[in-house]
Amino acid sequence: MCETEAIDSFVRIIGGLALFLYGAQESSRFFRQDISGDLRAGLKEGIGRLTRNKRRSFLFGAMLAAVAQSSAIAISFGIGFVDAGILSLADSLLMIMGASLGGTMVSILLSFNIFDYAPVLFAGAFFFSKLGNRKVRLIAGVLRCITIIFLGMMFLRMGAGSLFEDARAREIALSWSSSPLLMGAAAFAFAVIFQSRSAIIGLGIALAVSDALPAASALPMALGAHFGASLIAVISSFGGRLSARRMGFCAFIYYLAGSAAFIFLIQPVHRLLAAAGCSVVQELVFGQIMIALFNIMIFLPFPSLLSGLSVRMIQSSGELDQTMYIEDELLSVPSVAVLLLSREMARLSNYLEAYLQMLMIPSERNAFLFKKLPAAIEELSDSCQDYSYRISVTGEDTKLQNKFVSVSRTMSILRSMSKTLCGEISEILSDEAAHYTLQERAGIDLWNEWSGLSGKIMRISLRAFVIGEKGLIEQTRALEREYSEVCRKIRDQITISYSYGRDISKAIRVISLMQAFLGMSKILAEDEELHRMPTSTAPCEEYQFGRDGMDV
C-alpha cells in the first residue's frame, strides 16, 4: 500500500470515528434540549406511570439509553426521579439496568449492515424535519442522530477496508488484536475516553469486517466497552449531592460486579456462539447483549438490598449549603424540575425554622449549625432562585403553569424571609446585651409567651405551606393575631418606665422585625396552590447530632 492510500485510510477512520461520536453527542443533546410538545407530554405521562410497575422503570431506562445514547443521562434522570419522589432508589437502579440494555440498540442496527444507506436516510431525516407536523419532526430528529452514527460507521468501514486490504497491515493488526486481554483493555480505555460504547463496538465491527479482529477477542472487546462507557458517568456522580453519590455507588457495584463475573464466562460463551455458527460481527454484537442481560440477571433480585447498602455506606457530607434535589439535567422535564425545586424550597424552610429556634433559645444552639446556617440559607436561597429562572414552562400545560407561578411567588417570599432572618434579626438576637434586655424587661412570662408563639407560628405556617391544609392556615391566622397583641404588650412593657437607650432601641426594633418576618410566613401558609410538597421529618434531617456536635 502506498503512503497516500494509507493516509486516506487513516483519514476515513478518524473522520468516521469523529462522526460516530458526534452522532452520539447529538443524540444526548437532542434528548436534553430539543424534546418539547407532544414528546414532553408523553414523557410526563410515562413518568407518572413509573411508580405503578417496576417493569416500566426498566423499560423507561432502556428507552432513555436507546434514544439518548448516554449512560450519564440515564443516571442523571434516575437521581432526579429519586429526589422528586417519583422512584425509590431501588426502582431507579432498575432504570439503570434497563439503560445498560437499551444502550446496545445502535450496535444491533450496525450489525444489519444497513449503513451503506446512511446518506439516503440522512437526507430523508433532514427533509422530514422541515415538515410542520411536530411528531414527524421529532421522529426525524431521532433518525438524524442515528444516521450520523451510520455515516460514521460507513467511513470507518471504508477506511478499515482499504487499510487492511494490504496483507502486511492486516498482519500487524492481527498481531495486536489476537490478544483478548489487550483488546479488552484497549476497548475499556477508549470507552472511558470517548464515553461511547457504540463507538467502540462500531470500531470492532469495522475491524471484523476487514478480517482484522479474531473471534476470540470479540467478547473481551464487548466487555471492556460495557464497563468503560459507564465508568466516568458513575464516578462523576460521587462528587454530587447525597442521592447522586448513593446512585453512583449502586451503579458502580452493578457494572463492576457484573463485568467481573462475566470474565469467567468468556470462554464458554465464545464456544457456544462459535458452535452456533456466529460470525465475528455477530459474536461482538450478540456478546454485548448477553453481557448486559447477564449483568441484569445477577442484580435483578437485589435492587432493594443494594440500595439499602448504599444508604448505610454513603452518608451526608455535612455541607449545609449544597443542594440536595435540584438537577440541571431534569430542566428538560419541567414537571419534574418544578417538583425538585419544591423539595429544595421545603429544605430551605426547614433551615429557617432551625435557625429561628436557635436565635430565640440560646441554650438550644448547636455551635456548628448556628455558625454555618446563615451562609447556608443564603447560598441555598440563591441556588433555588437561579434554578427557578432556568425552568421553562410553556402555556400548553395550564396546571403546571399555575403550579410554577405559585412556586415562583413562594420563592420570592422565602428569599425575603431569609434576608430578614439572617440580617437584622440575627444581628440583634445574637447580641447578648440586646437579647438580655429584651428578656429581662419584658418579664419572664411575657418573654416565654412571645418566644413560644414565634416558634409555634413558624412551625404551623411551614406545615401549612408544605401540605396546604386549611385548618392549619386558619390556625396560623389566629396565632398571628394573638402574636400581634403580645408584641404590643412587650413594647409597652419595655418603654413604659425605662429610659430610652441603645439596647431598648434594638429590642423594639427586633419585635417589629419579627412581626414582619412571621407575617411573611403567614402569607406563605396562605398560598394553598403549593400543597402536598414533600417534607422532611426534622429541620436538618440529613444531619445527626451528638453531645459534641455533628456526626457526619
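Residues numbered from 1 in each chain as written. Predicted model: local features only at pLDDT ≥ 70, side-chain atom pairs only at ≥ 80, totals over all residues. Heavy atoms only, no water.

## Quick notes on the overall build of the protein chain
(1) Moving on: Of regular secondary structure, the protein chain possesses 23 helices and two strands.
(2) Moving on: Each of the 552 residues in the protein chain was classed as buried or not, and the buried ones make up 53%.
(3) Moving on: Across the protein chain, every contact between residues at least 6 apart in sequence was considered, and the portion connecting residues at least 24 apart equals 82%.
(4) Moving on: Total accessible area on the protein chain stands at roughly 24600 Å², and carbon and sulfur atoms take up 58% of it. (Helix = DSSP H or I, 4+ residues; strand = E, 2+ residues; numbered from the N terminus. Buried < 20%, exposed > 50% of the residue type's maximum accessible area, 1.4 Å probe, protein only. Contact = heavy atoms within 4.5 Å. Areas by Shrake-Rupley, 256 points an atom, 1.4 Å probe, with all protein chains shown as cover.)

## Some remarks on the confidence of the model for the protein chain
(1) Moving on: Per-residue pLDDT for the protein chain averages 78, and the proportion of residues at 70 or more is 84%.
(2) Moving on: Looking over the protein chain, one finds the lowest element-wise mean pLDDT in strand E2 (residues 549-551), namely 35, and the highest in helix H14 (residues 266-275), namely 92.
(3) Moving on: Of the regions scoring below 50 in pLDDT, residues 35-44 engages in 19 contacts with residues more than four places distant in sequence or in other chains.
(4) Moving on: Here residues 528-552 is modelled with pLDDT under 50, and outside its nearest four sequence neighbours on either side it reaches 64 contacts, counting other chains as well. (pLDDT = per-residue confidence, 0-100.)

## Observations regarding unusual backbone geometry
(1) Moving on: In this structure, aspartate 211 is a non-glycine residue whose phi angle is positive, near 60°.
(2) Moving on: Relative to the assigned elements, aspartate 211 resides in the loop between helix H11 (197-209) and helix H12 (218-237).

## Section: the side chain of threonine 476
(1) Moving on: For threonine 476, the location among the structural elements is in helix H22 (residues 470-495).
(2) Moving on: Residue class for threonine 476 comes out buried when judged on its relative accessible area of 0%.
(3) Moving on: Residues within four places of threonine 476 in sequence aside, it is in contact with Ile460, Ser461, Lys522 and Ala525.

## Brief notes about the pattern of salt bridges
Two side chains with opposite charge may pair up if their charged atoms get near one another.
(1) Moving on: Applying the stated rule across the entire model yields six salt bridges.
(2) Moving on: Two residues, arginine 488 and glutamate 485, come together in a salt bridge whose shortest N-O distance is 2.4 Å. Placement of the pair is arginine 488 and glutamate 485 together in helix H22, with a separation of three residues, close to one helical turn.
(3) Moving on: Take arginine 488: its relative accessible area is 38%, and that puts it in the partly exposed class.
(4) Moving on: Because the salt bridges share partners, they merge into one network encompassing Glu485, Arg488 and Asp492. (Salt bridge = Lys/Arg side-chain N within 4 Å of Asp/Glu carboxyl O.)

## A word on the environment of valine 510
(1) Moving on: With respect to the helices and strands, valine 510 occurs in helix H23 (residues 502-526).
(2) Moving on: Between the alpha carbons of valine 510 and leucine 429 there is a distance of 7.7 Å; along the sequence they are 81 residues apart.
(3) Moving on: If we ignore the near neighbours within four places in the chain, the residues touching valine 510 are Ile425, Ile428, Leu429 and Leu438.

## Focus: the packing of aromatic side chains
(1) Moving on: The tally for this structure, following the rule as stated, stands at eight aromatic pairs.
(2) Moving on: Where tyrosine 254 meets tyrosine 255, the ring centres are 5.1 Å apart and the plane angle is 75°; that geometry is what we call edge-to-face. Residues tyrosine 254 and tyrosine 255 agree in their burial class; the two are buried.
(3) Moving on: Between tyrosine 355 and phenylalanine 370, the ring centres sit 5.5 Å apart and the planes meet at 35°, which makes this aromatic pair tilted. (Phe/Tyr/Trp six-rings, centres within 6.5 Å; stacked < 30°, edge-to-face > 60°.)

## Side note on the packing of H11 against helix H15 (residues 280-299)
(1) Moving on: Across the interface, H11 lies against H15 with an axial gap of 8 Å and an inter-helix angle of 160°. On the basis of their axis angle, the class for H11 and H15 is roughly antiparallel. Between H11 and H15 the crossing geometry is right-handed. Every residue of H15 that contacts H11 at Arg197, Ile201, Gly204, Ile205, Ala208 and Val209 is listed here: Val280, Val281, Leu284, Val285 and Gln288.
(2) Moving on: The residue inventory of the contact of H11 with H15, partitioned by class, reads eight nonpolar, two polar and one charged. (Axes fitted to C-alpha atoms, helices over the stretch in contact; angles between N-to-C directions. Parallel < 35°, antiparallel > 145°, perpendicular 65-115°, else oblique. Left-handed = near helix turned anticlockwise from the far one by under 90°. Nonpolar A, V, L, I, M, F, W, Y, C, P; charged D, E, K, R; others polar.)

## A look at helix H5 (residues 89-102)
(1) Moving on: An ideal rise of 1.5 Å per residue puts 20 Å on 14 residues; H5 measures up with 20 Å between its terminal C-alpha atoms.
(2) Moving on: Counting buried positions over the 14 residues of H5 gives 13, a clear majority of the element. (Expected span 1.5 Å × (residues − 1).)

## Observations regarding the packing of helix H13 (residues 242-263) against H15
(1) Moving on: Two elements in contact, H13 and H15, have axes whose closest approach is 9 Å; the angle formed by their N-to-C orientations is 115°. On the basis of the axis angle, H13 is roughly perpendicular to H15. Here H13 runs over H15; the crossing is right-handed. When H13 is examined against H15, the residues Ile253, Tyr254, Tyr255, Ala257, Gly258, Ser259, Ala261 and Phe262 are found in contact with a partner set consisting of Met290, Ile291, Ala292, Phe294, Asn295, Ile296, Ile298 and Phe299.

## Some thoughts on the side chain of serine 426
(1) Moving on: Within the secondary structure layout, serine 426 lies in helix H19 (residues 398-429).
(2) Moving on: Serine 426 gets classed as buried once you look at its relative accessible area, which sits at 9%.
(3) Moving on: Setting aside anything within four residues of it in sequence, one finds serine 426 in contact with Tyr355, Leu359 and Leu421.

## Focus: helix H20 (residues 432-442)
For an α-helix, the turn length of 3.6 residues means that residues three or four places apart are oriented alike.
(1) Moving on: Among all positions of H20, only Ala434, His435, Thr437, Leu438 and Ala442 are buried. Relative to the axis of H20, the buried residues are bounded by an arc of 160° and lie together on one face. In H20, the exposed positions that point more than 90 degrees away from the buried face belong to Glu432 and Tyr436.
(2) Moving on: Of the residues trailing H20, glycine 443 is marked for its positive phi of about 95°. (Arc of directions from axis to C-beta.)

## Describing the environment of alanine 173
(1) Moving on: Counting through the fold element by element, alanine 173 comes out in helix H9 (residues 167-177).
(2) Moving on: The class for alanine 173 is buried, based on a relative accessible area of 16%.
(3) Moving on: Remark: the alpha-carbon pair of alanine 173 and leucine 207, spanning 34 residues in sequence, is separated by 8.9 Å.
(4) Moving on: In contact with alanine 173, other than residues within four places in its own chain, are Phe164 and Ala212.

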